[in-house]
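Overview (structure and organization)
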Amino acid sequence: MKYSTHTEDFIKELYVRIGTLTPKSLKFQTISKRLGIHVFYWPDTSQSLFSKNISFIILNEKLTKQQQWQDFCHELGHVLLHTGNQQRMYPLFREYQEYKANNFMYHACVPSFMLDELDPSDLTVENVQRLFNVEYDFAFKRLEQYRSKKLHMLNWNSETDNFIL
């Protein structure tokens with residue numbers, strides 16, 4: 001049984017729609033252009049802004065390429081999933097949006113559908129780090145998420161909709 005989350009489905013559909021199908025095609029410059037999102041750089045914290053139906057992602061110019069890719073995907077989560085000014089939001093709702101953007105970031109940087117295409121022997125932290133242009137700790141956490149979900153699904157009995165203990 002193959003099971004995917006809403007976030008995984010959303011990202012796969014988005015990436016397929018814009019022709020981003022392999023780890024080599026995961027470039028924020030290309031993705032932003034295909035989605036009509038303007039990207040700028042500055043020396044402050046990365047963020048996203050919305051103005052008159054135009055989306056902007058502003059990345060910290062001092063970050064490494066891996067950190068910029070990770071920040072881009074976090075901010076992309078805000079652009080695609082959220083609206084409003086976080087400074088005016090109730091703190092718990094802002095925290096919820098940050099949690100969602102972080103979850104989106106892990107799946108957008110290292111999509112499950114691309115991991116599914118790799119040989120299991122290639123699912124090492126170092127390979128994921130290199131293939132998807134992310135930092136070591138990021139790759140480690142993403143692989144933990146991916147493997148945990150796979151293990152969870154192995155223990156699920158789809159005939160009875162119960163876990164096998």
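Residues numbered from 1 in each chain as written. Predicted model: local features only at pLDDT ≥ 70, side-chain atom pairs only at ≥ 80, totals over all residues. Heavy atoms only, no water.

**Focus on the packing of aromatic side chains**
For the coordinates displayed, the defined rule picks out 5 aromatic pairs. The interplanar angle of 15° and the centroid separation of 6.2 Å between the aromatic rings of tryptophan 69 and phenylalanine 72 together place this pair among those described as stacked. Note that tryptophan 69 and phenylalanine 72 are positioned in helix α3 (residues 65-81) at a spacing of 3 residues, about one turn of the helix. For the pair formed by tryptophan 69 and phenylalanine 72, the shared burial category is buried. Three or more aromatic residues joined by ring pairs make a cluster, and in this case those are Phe28, Trp69 and Phe72. (Phe/Tyr/Trp six-rings, centres within 6.5 Å; stacked < 30°, edge-to-face > 60°. Helix = DSSP H or I, 4+ residues; strand = E, 2+ residues; numbered from the N terminus. Buried < 20%, exposed > 50% of the residue type's maximum accessible area, 1.4 Å probe, protein only.)

**Quick look at unusual backbone geometry**
The phi dihedral of lysine 52 is positive, around 50°, even though this residue is not glycine. Assessed through its relative accessible area of 77%, lysine 52 is described here as exposed. Despite not being glycine, asparagine 133 shows a phi value in the positive range, around 55°. Relative to the helices and strands, asparagine 133 resides in the loop between α6 (125-132) and α7 (136-154). According to the relative accessible area criterion, asparagine 133 is partly exposed, its value standing at 32%.

**A look at the sheet that holds strand β2 (residues 47-51)**
Reading across the sheet, the 3 strands line up as β1-β3-β2 and stay open at both edges, with mixed pairing between neighbours. This sheet does not close on itself; its edge strands, each paired only once, are β1 (37-42) and β2. The sheet shows a mean angle of 25° between the axes of neighbouring strands, direction not considered. Bridging between β1 and strand β3 (residues 54-60) involves 6 bridges; their strand directions are parallel. If you follow phenylalanine 40 over to β3, its bridge partner there is isoleucine 58. Each of β1 and β3 is contacted by helix α2 (residues 28-35), which is oriented at about 140° to β1, the strand it contacts most. (Pairing = 2+ DSSP bridges. Axes fitted to C-alpha atoms, helices over the stretch in contact; angles between N-to-C directions. Contact = heavy atoms within 4.5 Å.)

**With respect to the environment of aspartate 71**
Looking at where aspartate 71 falls in the secondary structure, it is placed in helix α3. When its relative accessible area of 24% is taken as the criterion, aspartate 71 is described as partly exposed. Those residues in contact with aspartate 71, other than ones at most four positions away along the chain, are Ser46, Leu59 and Leu63.

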